[in-house]
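# Fold and contact review
What follows is the residue order along each chain.
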Amino acid sequence: QVQLVESGGGLVQAGGSLRLSCAASGRTFNIYAMGWFRQAPGKEREFVAGITWSGGSTYYADSVKGRFTISRDNAKNTVYLQMNSLKPEDTAVYYCAALRSWLTYTSSYSRWDAYDYWGQGTQVTVSS
């Protein structure tokens, strides 16, 4: 099993920045890639960004390209999401997720149901 714990959410004004962290523990050697998803009230969970655990290859949703950056620190088993130029529409619960299969990641990195492990989520609220 893999346990994921997010932190770093909060309230920020539009144009501000936040950095989310996701610490992984347990059988982390099983992880091929990590992803960040978000879910706003009344909306479906959507992909934000993904990164491979070893190679660092990244993917981003169009809505966050140029504003958000995903990174990882293998020594700390931690993935980060640096969020800049935040907008009110970025308000959501942000979830960290881990995926085991390289094949699944390659074909389905943006699908929430492709991921094997999930954190509890952290609230991000951007005020206008």
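Residues numbered from 1 in each chain as written. Predicted model: local features only at pLDDT ≥ 70, side-chain atom pairs only at ≥ 80, totals over all residues. Heavy atoms only, no water.

### Things to note about the nonpolar core
- Judged by nonpolar contacts, the single largest core of 38 residues is most densely connected at L4, M34, W36, L81, M83 and Y94.
- Elements represented by at least two residues in this core include exactly β1 (2-7), β3 (18-26), β4 (33-39), β5 (46-52), β7 (68-73), β8 (78-83), β9 (92-99) and β11 (122-127).
- Looking at which element gives the most residues to this core, the answer is β9, with six residues.
- Contacts of M83, omitting those with residues within four sequence positions, involve G16, S17, L18, L20, R67, F68, Y94 and V124. (Core = buried A, V, L, I, M, F, W, Y, C linked by side-chain atoms within 4.5 Å. Buried < 20%, exposed > 50% of the residue type's maximum accessible area, 1.4 Å probe, protein only. Helix = DSSP H or I, 4+ residues; strand = E, 2+ residues; numbered from the N terminus. Contact = heavy atoms within 4.5 Å.)

### Considering the packing of aromatic side chains
- Considering all chains together, one arrives at 10 aromatic pairs under this definition.
- Each ring, one from Y32 and one from Y105, has its centre 5.8 Å from the other, and the planes form 65 degrees; the classification is edge-to-face. In this pair, Y32 is assigned in the loop between β3 and β4 and Y105 in helix α1 (residues 102-108), connecting sequence segments 73 residues apart.
- Given a relative accessible area of 28%, Y32 falls into the partly exposed group.
- For Y105, a relative accessible area of 2% puts it in the buried group.
- Taken together, a centroid distance of 5.4 Å and an interplanar angle of 70 degrees make the contact between F47 and Y109 edge-to-face. On the criterion of sequence distance, the pair formed by F47 in strand β5 and Y109 in the loop between α1 and β10 (117-118) is long-range, its members being 62 residues apart.
- On the basis of relative accessible area, F47 is assigned to the buried category, the value being 9%. (Phe/Tyr/Trp six-rings, centres within 6.5 Å; stacked < 30°, edge-to-face > 60°.)

### Notes on the sheet that holds β3
- One open sheet accounts for four strands, arranged β1-β3-β8-β7; its pairing is antiparallel. The open sheet is flanked by β1 and β7, the only strands paired with a single partner. Here the average twist between neighbouring strands, direction ignored, is 15 degrees.
- As paired strands, β7 and β8 are joined by six bridges and run antiparallel to one another. Considered in β8, the bridge of F68 is made with M83. (Pairing = 2+ DSSP bridges. Axes fitted to C-alpha atoms, helices over the stretch in contact; angles between N-to-C directions.)

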